[in-house]
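Here are the chains, one letter per residue:
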Amino acid sequence: MQHEWQAGTPAETEVAQVYDEFVHLVRFLTAGERAHDSALSLAQHSLLGFIARHPGCRATEISETFGVNRSTVSRQVRNAVEAGWVEATEGSVRTGNPLRLTEHGRAILDDTVLRRHGEIRAGLAGWEKDDLDRFVHLLHRFRSGVEWGATRTPDQNDGDISA
């Protein structure tokens, strides 16, 4: 197996290193917020962010956008309604209830986004603007180059990090 860098083809060592960094980043994103009692999990954050941007959306739309089973979304929505973050308004049985954030839901989403931005800001402290611009460019380039499976669609949140 080739382990030396060839133009346009990363070696297995580099692929493994990138993968390891992404695993650490995903762990940070999924577990990091739980350090704060009032912060949302990544799933809750994604759900509330989507509903905030698409008031009146239904669980089926969320399921299709996120590429997850409707029962998973329904469970998350039920928990969000019980927590007082989301309200489900009257809708047809066939299409589901339109969803909206409550004031409490908006407040907890805003608080979580502010905390996450603070964590990112701390991680970028001391970076030069050129480094930051290059980092953003490279992250976008990587994300754009990832092939999406048949059951998944590209980021339908247009890169909105509050999703």
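This text follows the structure it describes.
Residues numbered from 1 in each chain as written. Predicted model: local features only at pLDDT ≥ 70, side-chain atom pairs only at ≥ 80, totals over all residues. Heavy atoms only, no water.

**Here we look at the packing of aromatic side chains**
Two aromatic rings, taken as a pair, are described by how far apart their centres are and by the angle between their planes. How we decide: Note on aromatic contacts: the rings of Phe and Tyr and the six-membered ring of Trp form a pair at centre separations within 6.5 Å, being stacked when their planes are under 30 degrees apart, edge-to-face when over 60 apart, and tilted otherwise. To qualify as a helix, a DSSP run of H or I must reach at least 4 residues; to qualify as a strand, a run of E must reach at least 2; elements of each kind are numbered from the N terminus. Partly exposed residues are those whose accessible area sits between 20% and 50% of the maximum for their type, while under 20% is buried and over 50% is exposed, using a 1.4 Å probe and protein chains only.
Summed over all chains, the structure comprises three aromatic pairs. When the centroid spacing of 5.6 Å and the interplanar angle of 70° are considered together, the rings of Phe 50 and Phe 66 count as edge-to-face. On the criterion of sequence distance, the pair formed by Phe 50 in helix 2 (residues 42-53) and Phe 66 in helix 3 (residues 59-66) is long-range, its members being 16 residues apart. For Phe 50, a relative accessible area of 4% translates into the label buried. For the ring pair Trp 127 and Phe 135, a centre distance of 5.1 Å and an interplane angle of 65° mean the geometry is edge-to-face. Taking the relative accessible area as the measure of exposure, Phe 135 reaches 35% and is therefore partly exposed.

**So, the packing of helix 2 against helix 4 (residues 70-83)**
Here is the rule: Axis geometry follows a simple rule: fit a line to the C-alpha atoms, using only the stretch in contact for helices, then measure angles between N-to-C directions, giving values from 0 to 180 degrees. Geometric relationships in this document are graded by angle, where less than 35 degrees denotes roughly parallel, more than 145 denotes roughly antiparallel, 65 to 115 denotes roughly perpendicular, and other angles denote oblique. Whether two residues are in contact is decided by their heavy atoms: any pair within 4.5 Å suffices.
The contact between helix 2 and helix 4 brings their axes to 11 Å, and the two run at 80°. In terms of their interaxial angle, helix 2 and helix 4 are classed as roughly perpendicular. Together, Ala 43, Gln 44, Leu 47 and Leu 48 of helix 2 and Gln 76, Val 77 and Ala 80 of helix 4 make up the contact between the two elements.

**Some remarks on the nonpolar core**
As a reminder, the rule being used: Residues grouped as a nonpolar core are buried Ala, Val, Leu, Ile, Met, Phe, Trp, Tyr and Cys residues, joined through side-chain atoms within 4.5 Å.
Grouped together as the largest cluster of nonpolar side chains are 19 residues, with contacts concentrated most on Leu 48, Ile 51, Ile 62, Trp 85 and Val 86. For this core, the elements supplying multiple residues, two or more each, are helix 2, helix 3, helix 4, strand 2 (99-101) and helix 5 (103-123). It is helix 2 that contributes the most residues to this core, four residues altogether. When neighbours within four sequence positions are excluded, Ile 62 is seen to be in contact with Leu 47, Phe 50, Ile 51, Cys 57, Val 73 and Leu 99.

**Considerations on helix 4**
Residues lying three or four places apart along an α-helix face the same way, a consequence of the helix completing one turn every 3.6 residues. Test applied: For a helix, the expected span equals 1.5 Å multiplied by the residue count minus one. Directions are taken from the helix axis to each C-beta atom, and the arc is the one they span. Counting of polar contacts relies on pairs of N or O atoms within 3.5 Å, with two restrictions inside protein: one atom must be capable of donating a hydrogen and the other of accepting it, and residues adjacent in sequence are counted only when both atoms are side-chain atoms.
The end-to-end C-alpha distance of helix 4 is 20 Å, a good match for the 20 Å that 14 residues give at a rise of 1.5 Å each. Every buried residue of helix 4 is listed here: Val 73, Val 77 and Ala 80. Angularly, the buried residues of helix 4 cover 60° about the axis, an arc narrow enough to put them on a single face. Structurally, helix 4 contributes buried residues whose contacts are with helix 2, helix 3, strand 1 (86-88) and strand 2. The N-terminus of helix 4 is capped by Asn 69, whose side-chain oxygen sits 2.7 Å from the backbone nitrogen of Ser 71. Phi turns positive, to about 85°, at Gly 84, one or two residues after helix 4.

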